[in-house]
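Listed here are the chains, written in short residue letters.
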Amino acid sequence: MSDQPSVIIVGAGLSGLSCAVSLHEKGIPFRILEASDGIGGRVRTDSVQGFLLDRGFQVYLSAYSEAGKLLDLDALNLHPFEPGALVFDGRRLHRVMDVFRRPFRILGSAFAPIGSFTDKLKIALLRLRLLKNTTDSPDQSTESFLKQFGFSQRIIESFFRPFYGGIFLENELRTSSRMFEFTFRMFSQGKATLPAQGMEAIPRQLAARLPDQTIQLNSPVTKINGHEVTLASGEILSAQQVVIATEASQTAKLIPDFAADAPRWKSVTNLYFSADRSPLNEAIIALNGSGKGLINNLSVLSDVAPSYAPHGKILLSISVLGIHPNDNLPVLVQEELKNWFGQQVNDWRHLRTDLIREALPEQAPSHPSPGYLRLDGIWICGDHTTTSSIEGAIIAGTKTAAALASACES
């Protein structure tokens, strides 16, 4: 590895890694500096007592086009969720399926008391329009978009809020309607999946394509001055170009001029439980459509990908929007879930609670998505410069690499 690489990349998350992969393919030497003890950024997985615990409930959407070009999806061994959801209305669970993919569920979905029959026809119409990439609505909040499209308040409250609450990590549906259209299209074109070895298998696959010794862990950057990067250890490194591929909040600390443009963060609290039997027995997400309680969504990850749990055990993931630093939260969640599943919940064992304060950058209406920024000669990329998604993070990295290649040639 050259002592003075052409490019220094600060951050070994998906954007930094995808930027590095693209630079390596172009023959441009680089070095990645990562503050933490591992790669992946927000896409990390821990092995705990034989269970694979992702840091927050995450899925990979198989329809991601740019990510699909960069990744070997077969090697990830993706396990799909069923295309639909079970919705708890305060009394029982009702099934709402994508009837284009599960036509035998058409009657059950049509008559489920989650929205009206007209609402379900409108979902089909919206699906057809978005698959053609045609909408005539301005960028606005997702809630405004849904109302303008003619959806009833009933289905917005019982389905869209909890389903997209789990995606956007906010159930006010204030997120950009462009982001809603993008994710709705991805769900229509492909499947929500889990890699067999956890979500961290995605960044691990990218890192495996890089030369040895090009990723330097436990190396927090404290200052960037032109082409010089200062580490917390006091070491100073230099390169022709510097890329900051960290979270937006860290970028703002390193580049003060970026602070005004840094998006706010959305937070989530994620709980993991183990049990001897699944309350769902299928690879599907369950949503809280009652409008009450702490829980937003629940899934049995081992029903989707059995490798997430040891043999004979199951792994449940429960998302609560926002931060809830309450030691009694697991008990409160189990009490609430007795209304869903009965007394079997008493036998569940709490494994871990993750308080994820910086889970997803806010994407408001008219959010700019240039792919990357350049301030004071420094390149800035991440999902905050595109769309708040795995696809967005990878697009940001590859676009930055393309621009860097041109800059290095000039």
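Before going into details, it helps to say that this report is about the structure given with it. (Residues numbered from 1 in each chain as written. Predicted model: local features only at pLDDT ≥ 70, side-chain atom pairs only at ≥ 80, totals over all residues. Heavy atoms only, no water.)

This part is about the pairing of strand S18 (residues 314–321). Most of S18 is tucked away, with 8 of its 8 residues classed as buried. The alternating pattern of S18 places Ile314, Leu316, Ile318 and Val320 and Leu315, Ser317, Ser319 and Leu321 on opposite faces, both of which are buried. As paired elements, strand S15 (residues 265–275) and S18 share 8 bridges and run antiparallel to each other. Paired with Ala275 across the strands is Ile314, a residue of S18. Pairing analysis gives 4 bridges linking strand S17 (residues 297–300) to S18, with the strands arranged antiparallel. Its bridge partner being in S18, Ser299 is matched across the sheet by Ser317. (Buried < 20%, exposed > 50% of the residue type's maximum accessible area, 1.4 Å probe, protein only. Helix = DSSP H or I, 4+ residues; strand = E, 2+ residues; numbered from the N terminus. Pairing = 2+ DSSP bridges.)

A few words on the environment of Leu125. Note that Leu125 resides in helix H5 (residues 117–131). Looking at Leu125, the relative accessible area reads 37%, which means it is partly exposed. Remark: the alpha-carbon pair of Leu125 and Phe149, spanning 24 residues in sequence, is separated by 9.9 Å.

Once that is clear, we can look at the layout of surface pockets. Considering only enclosed or pocket space, the second largest pocket measures out at about 220 Å³ in volume. Looking at the second largest pocket, the residues that line it are Glu157, Arg161, Pro162, Asn171, Asn288, Gly291, Lys292, Gly293, Leu294, Ile295, Asn296 and Leu321. Ranked by the residues each element gives to the lining of the second largest pocket, the list is headed by helix H7 (residues 153–168), at 3 residues. Taken together, the residues of the lining of the second largest pocket break down into 4 nonpolar, 5 polar and 3 charged. (1 Å grid on protein atoms, 1.4 Å probe; cavity = no way out; pocket = protein on both sides within 12 Å on 5 of 7 lines; lining within 4 Å. Points joined across faces, edges and corners; volume = space filled by probe spheres on them. Nonpolar A, V, L, I, M, F, W, Y, C, P; charged D, E, K, R; others polar.)

Below, the discussion takes up H7. The end-to-end C-alpha distance of H7, which contains 16 residues, comes to just 19 Å, noticeably less than the 22 Å that a straight helix rising 1.5 Å per residue would cover. Among the residues of H7, those classed as buried are Ile155, Ile156, Ser158, Phe159, Phe160, Arg161, Pro162, Phe163, Tyr164, Gly165 and Phe168. Backbone geometry just downstream of H7 places Leu169 in the positive-phi region, at approximately 60 degrees. (Expected span 1.5 Å × (residues − 1).)

Contact geometry of H7 with helix H8 (residues 177–189) gives a least axis separation of 12 Å together with a crossing angle of 95 degrees. When the axis of H7 is compared with that of H8, the two are roughly perpendicular. Where H7 approaches H8, its residues Phe160, Phe163, Tyr164, Ile167 and Phe168 are matched on the opposing element by Met179, Phe180, Thr183, Phe184 and Phe187. Its residues assigned to classes, the contact of H7 with H8 comprises 9 nonpolar, 1 polar and no charged. (Axes fitted to C-alpha atoms, helices over the stretch in contact; angles between N-to-C directions. Parallel < 35°, antiparallel > 145°, perpendicular 65-115°, else oblique. Contact = heavy atoms within 4.5 Å.)

With that out of the way, let us pick up the nonpolar core. Membership of the largest hydrophobic core comes to 81 residues, with the highest contact counts inside it found for Ile9, Leu23, Phe159, Phe160, Phe180 and Leu315. It is helix H13 (residues 390–409) that provides the largest number of residues to this core, a total of 9 residues. Ignoring any residue separated from it by four or fewer positions in sequence, one finds Ile9 in contact with Gly16, Cys19, Ala20, Leu23, Arg31, Ile32, Leu33, Val243 and Ala245. Within the second largest apolar cluster, 23 residues are counted, among which are Phe88, Phe273, Ile318 and Trp348. (Core = buried A, V, L, I, M, F, W, Y, C linked by side-chain atoms within 4.5 Å.)

Let us now look at the sheet that holds strand S14 (residues 241–244). Strand order in the open sheet formed by 6 strands is S10-S2-S1-S14-S21-S20, with mixed pairing between adjacent strands. The strands lining the two open edges of the sheet, one partner per strand, are strand S10 (215–216) and strand S20 (373–375). The pairing of strand S1 (residues 7–10) with S14 spans 4 bridges and is classified as parallel. Note that in S14 the partner of Ile9 across the bridge is Val243.

Take H8 next. Owing to its 3.6 residues per turn, the α-helix brings residues three or four apart onto one side. Its 13 residues place the ends of H8 18 Å apart at the C-alpha level, agreeing with the 18 Å of an ideal helix rising 1.5 Å per residue. Where burial is concerned, most of H8 is hidden: 10 out of the 13 residues are buried. Burial in H8 covers these residues: Ser177, Met179, Phe180, Glu181, Phe182, Thr183, Phe184, Arg185, Met186 and Ser188. Tucked into the core, H8 has its buried residues touching strand S5 (60–61), H5, helix H6 (142–149), H7 and H13. A side-chain oxygen of the first residue of H8 lies 3.0 Å from the backbone nitrogen of Arg178; this N-cap is Ser176. (Polar contact = N/O pair within 3.5 Å; in protein donor to acceptor, adjacent residues only side chain to side chain.)

With that out of the way, let us pick up the packing of aromatic side chains. If you walk through the whole model with that rule in mind, you get 21 aromatic pairs. Ring geometry for Phe145 versus Phe149: centroids 6.1 Å apart, planes at 25 degrees, classification stacked. One end of the pair, Phe145, and the other, Phe149, are both in helix H6, 4 residues apart, so they sit about a helical turn from each other. Both residues of the pair, Phe145 and Phe149, count as buried. Ring centres of Phe160 and Tyr164 lie 6.4 Å apart, and the angle between their planes is 25 degrees; on these two criteria the pair is classed as stacked. In this pair, Phe160 and Tyr164 are both assigned in helix H7, 4 residues apart and thus about one turn of the helix distant. Tyr164 carries the same exposure label as Phe160, and that label is buried. Among the aromatic residues, those joined into a cluster by ring pairs are Phe145, Phe149, Phe151, Phe159, Phe160, Phe163, Tyr164, Phe168, Phe180, Phe184 and Phe187. (Phe/Tyr/Trp six-rings, centres within 6.5 Å; stacked < 30°, edge-to-face > 60°.)

Their axes nearest at 11 Å, the elements H6 and H7 cross at an angle of 145 degrees. Of the two elements, H6 crosses H7, and the hand of that crossing is right-handed. Taken together, the residues of H7 that come into contact with H6 (itself represented by Thr142, Glu143, Leu146 and Lys147) are Gln153, Ile156, Phe160, Arg161 and Phe168. Residue classes in the contact of H6 with H7 are distributed as 4 nonpolar, 2 polar and 3 charged. (Left-handed = near helix turned anticlockwise from the far one by under 90°.)

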